[in-house]
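The chain contents come next:
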Amino acid sequence: MQALGAGKVFGLLLPERDSSPESLERGRALVDYLGIDHDVQDIAPTLAALGCYRWRDDAIRSVFPHYDETWRSKIAIAGGDKGRFNHFRLVVEDPQGRVAEQRLGLQPYLQIVAATNYKQRIRKTIEYFHADRLNYAVVGTPNRLEYDQGFFVKNGDGSADVKPIAHLYKTQVYALGRHLGLPSSICQAVPTTDTYSLPQGQDEFYFALPYQQMDLALWAYNHHLTAAELAETLDISVEQAQWVFDDIEAKRRATSYLHQKAVLLSSVSEV
Amino acid sequence: MSAVTHVRLSAAVLEMDEAAEVARITTGLREALRSKLRRRGWSSRYPGVSIAPYAQALRCRP
């Protein structure tokens, strides 16, 4: 906004059925603070028409047959922080508040993720509609932790014309927010996926540690520090620190395709 | 033996000059929009549509 002026920035608030009300409140606080034009569009009807919720719920029912729309759900990562292969667990909560969880097999996992990825991709479609309409560029806001570790949906939130803070660790993004005087509700917000109906921190969904520690682990890995040095700083065992390093590398490998352009079978050198 | 033994790992390694970083991002974003995206064909994204309004919005020459 400082780079372009408030009159040349357009904001979009795109809640859906599983969005936290606080996300919309923080979005409104931000556009009010910036003084930019914006639009609010509930994307739940679009997602429902595409079958996003139905595909997701069908996959959940293959694991918990009694699950219905009155229940809440999320998936949570496990394994990588303990030196094992990463896998996902499905967590559900019935209307009485009873929680159950079970390890996800490959097919329901893929279907749940594919269905929920509709959310990020529909949002991006709407962003590009407005960018085309206004002849604007789409700005993406991954931080370094998310960009490096592949914490984004290809052709969803991972798509943008420019990503101006991808080089900054998440800790630094929070520091910039405080420096710019953004509303405290934003500067103090706990990062979540805001994708599943049960509350879900980013670390629970994807990262091995809370972001303050993950930032340090990624910095240490990038600067070739040893697991012993990371362990001493984070007050964890050397073995655990090595698992975190291994997990960073595993996620880089597993998500490298998200960064790649489409493969051509023969070069087209003219473009 | 780590390659950065002179730096003790702590939250301090992530500290930065926020004002300088804001200036860097501001400059970089303007440059990206004025130059880099144009070089990637922004002006010809829609044949017959001029980049002029876009460039004007950024106060730079089309």
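Our subject is the structure listed above.
Described in the following lines is the structure provided in the data block. (Residues numbered from 1 in each chain as written. Chains lettered and ligands numbered in written order. Predicted model: local features only at pLDDT ≥ 70, side-chain atom pairs only at ≥ 80, totals over all residues. Heavy atoms only, no water.)

**Regarding the pattern of salt bridges**
All names here are of chain A. Evaluation of the coordinates by the stated rule reveals 14 salt bridges over all chains. Ionic pairing is found between Asp 247 and Lys 251, a salt bridge with its closest N-O pair at 2.5 Å. Of the two residues, Asp 247 and Lys 251 both sit in helix H11 (residues 238–259), four residues apart, roughly one turn of that helix. Exposure class is identical for Asp 247 and Lys 251. Each is buried. (Salt bridge = Lys/Arg side-chain N within 4 Å of Asp/Glu carboxyl O. Helix = DSSP H or I, 4+ residues; strand = E, 2+ residues; numbered from the N terminus. Buried < 20%, exposed > 50% of the residue type's maximum accessible area, 1.4 Å probe, protein only.)

**With respect to unusual backbone geometry**
With the exception of glycine, the majority of residues adopt a negative phi angle, and the majority of peptide bonds are in the trans configuration. Residues and elements named next belong to chain A. Backbone geometry at Asn 155 places phi at a positive 60°, although glycine is not the residue there. Within the fold, Asn 155 resides in the loop between helix H5 (144–149) and helix H6 (170–179). Given the relative accessible area of 55%, Asn 155 is considered exposed. Not every positive phi belongs to a glycine, and His 224 is a case in point at roughly 60°. Its place among the elements puts His 224 in the loop between helix H9 (211–222) and helix H10 (227–234). Classification of His 224 as exposed rests on a relative accessible area of 55%.

**Side note on the pairing of strand E3 (residues 72–78) of chain A**
Residue and element names in this part refer to chain A. Buried residues dominate E3, accounting for five of its seven residues. Examined bridge by bridge, E3 and strand E4 (residues 87–93) share seven bridges and lie antiparallel to one another. Following the sheet pairing, Ile 77 is matched in E4 by Phe 88. (Pairing = 2+ DSSP bridges.)

**So, the environment of Val92(A)**
All names here are of chain A. With respect to the helices, strands and loops of the structure, Val 92 is situated in strand E4. With relative accessibility at 1%, the residue Val 92 sits in the buried group. The spatial distance from the C-alpha of Val 92 to the C-alpha of Trp 71 is 6.9 Å, given a sequence separation of 21 residues. Apart from the residues within four sequence positions on either side, Val 92 is in contact with Ile 60, Phe 64, Tyr 67, Trp 71, Arg 72, Ser 73, Arg 98, Val 99, Ala 100 and Leu 198. (Contact = heavy atoms within 4.5 Å.)

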